[in-house]
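Letter by letter, the chains look like this.
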Amino acid sequence: MPTYENIARPEEWITDTDRQVAAAIRKWVDEDVWPNRHKIDDDWRGHEIVKPIMKKLMVDIGYQRGIWPEQIGGLGASSCVGFVVCCEEIARGDSGMCTAANCCGWPFMHIALPWHRNDRLVEKFGPMFCDTDEMVMGCPAITDARSGSDVENIDATHGQYIQTRAERDGGDWIINGHKLWCTNSGGLADIFGVFCTTRPGVEDDEAFALIYVPADTPGVTQGKPYRKAGMSADFNGDIWFENVRVPAENRAQGPGLDAQYAREMISWGNVMTGGYALGSMNRVYEILVAWVNNRVVAGKTLKEHSIIAGHLGEIMTLIEVVKSDTYCKARMLDRPDLYGPGHSREMLAKTRSTKLFASDALTTVCNQAMDLMGAAGYAHEYDLEKIWRDSKIMSLWMGGRSLCRLDTARWYFECEDV
Ligand SMILES: Cc1cc2nc3c(=O)[nH]c(=O)nc-3n(C[C@H](O)[C@H](O)[C@H](O)COP(=O)(O)OP(=O)(O)OC[C@H]3O[C@@H](n4cnc5c(N)ncnc54)[C@H](O)[C@@H]3O)c2cc1C
């Protein structure tokens, strides 16, 4: 019987190191995550179950060191393909854990990736992730209480509607604002990458800033985790910044460049969402195989009915296409020499389409699988129901389906006023 590993992916792009890390993650999923899936699902409030399991991924396997350079004890991971390989494995266990793990390093791409490394900030913040036996959580603080999409809609609004503001006071930034929903908030975050503006109301990429704020800085308050439809392993809550003072050097790159690399960060986030969707689909495939091989209706197993086989073919077509596309875009981000920089509007458009298609495909695959499983698909103990609940947010986050469509149309049709 084939396994999810037989779903097509370009094996020649995947390194031996990627495979070793993937094998370690798979073992962790099989031994620690999947056997505890129901407890993880119920653990949205306190993370008593989630934290020790996550710590094995982040500290023992070393995921929290991933993005940081080897010179400071990191793993020096800078391949988008490599991250997708890991996402597939983590999200096969739990897509909320996958979100939490990847968002930990996501805001530090600006300073850690080799092609625009900020050595001073790498040396300042990297050791807290690399030189420790404790789990340390980074948090991408993008979504303002007013709107998440407006912050990410860089090419139309250029930071004009960002509500979180940073004002210079001598050698410091003073930050004020209110963020919602940011992954690893809800009391968990140790450090935030805060998307803010240095000139409120002004439409200018130069005013778009990413500033790092340790969570214990006076004036930072984290609210309690929200209760959501799914993804309990990802804590989300309010964050208030009230006259928070941090050194001026905490700005990631500076005027213009912070907006530029925010585009790159969004492009990577789009492809990572494809990876999370793939991991979830890998698990749906496994659940379906077990179901259609054993469930008997009208005298034969489900898979031997042509009407069911037709559905199975459709489901696998979606998974195949999402996998091919996600790896293709990841590879394109890994080869700027061939495809241009990850912050280009072209790559933003291309990866937005991946996110839109992959996240919608996951929801479709869950729906279709549930149709084939009948009431069992809707039942807690058959596991599909959790993946179905977890799935929807992937199309909602990062500006939702509208922003995916807008960024894609803008580049392909040279729209000027949307
Ligand atoms: C589990 C989870 C994890 C998350 N992780 C993070 C995180 O790590 N960091 C973070 O900062 N946020 C995070 N979020 C928040 C998420 O990214 C935002 O909710 C999302 O970007 C949408 O913002 P919003 O909810 O404010 O909706 P709004 O911005 O108010 O959007 C409302 C609707 O308007 C549409 N829309 C947006 N722009 C336009 C436009 N120009 N024209 C027409 N329609 C438009 C949107 O698609 C949406 O349908 C997370 C949320 C969840 C639930």
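Cut-offs and rules
- Residues numbered from 1 in each chain as written.
- Predicted model: local features only at pLDDT ≥ 70, side-chain atom pairs only at ≥ 80, totals over all residues.
- Heavy atoms only, no water.
- Axes fitted to C-alpha atoms, helices over the stretch in contact; angles between N-to-C directions.
- Helix = DSSP H or I, 4+ residues; strand = E, 2+ residues; numbered from the N terminus.
- Parallel < 35°, antiparallel > 145°, perpendicular 65-115°, else oblique.
- Left-handed = near helix turned anticlockwise from the far one by under 90°.
- Nonpolar A, V, L, I, M, F, W, Y, C, P; charged D, E, K, R; others polar.
- Domains from an automatic or database assignment.
- Contact = heavy atoms within 4.5 Å.
- Salt bridge = Lys/Arg side-chain N within 4 Å of Asp/Glu carboxyl O.
- Polar contact = N/O pair within 3.5 Å; in protein donor to acceptor, adjacent residues only side chain to side chain.
- Core = buried A, V, L, I, M, F, W, Y, C linked by side-chain atoms within 4.5 Å.
- Buried < 20%, exposed > 50% of the residue type's maximum accessible area, 1.4 Å probe, protein only.

1. So, the packing of helix H11 (residues 306-334) against helix H13 (residues 345-373)
1) Next: Close contact between H11 and H13 brings their axes to 9 Å; oriented N to C, the two are set at 155°. In terms of axis orientation, H11 runs roughly antiparallel to H13. Considering the relative orientation of H11 and H13, their crossing is left-handed.
2) Next: Taken together, the residues of the contact of H11 with H13 break down into 16 nonpolar, seven polar and four charged.

2. Digging into the domain arrangement of the protein
1) Next: When its domains are assigned, the protein resolves into domain 1 (4-130), domain 2 (138-255) and domain 3 (258-413).
2) Next: Its C-alpha centre places domain 1 at a distance of 19 Å from the equivalent point of domain 3.
3) Next: Contacts between the two partners involve 36 residues from domain 1 and, on the opposite side, 39 residues from domain 3.
4) Next: Here domain 1 is connected to domain 3 by five salt bridges.
5) Next: The salt bridge involving Glu 286 is made with Arg 92; its shortest N-O contact spans 3.0 Å.
6) Next: Connecting domain 1 to domain 3 are 20 residue pairs in polar contact (both at pLDDT 80 or more).

3. As for the nonpolar core
1) Next: Counting residues in each nonpolar core, the largest one holds 107 residues, and the members touching the most others are Trp 28, Met 54, Met 58, Tyr 63, Trp 68, Met 97 and Tyr 212.
2) Next: A total of 18 residues in this core trace back to one element, the largest contributor, which is helix H10 (residues 257-294).
3) Next: Beyond its immediate sequence surroundings of up to four residues, Met 58 is in contact with Tyr 63, Gln 64, Ala 101, Cys 104, Met 135 and Met 137.
4) Next: With 20 residues, the next largest nonpolar core counts Ile 175, Cys 182, Ala 209 and Val 220 among its residues.

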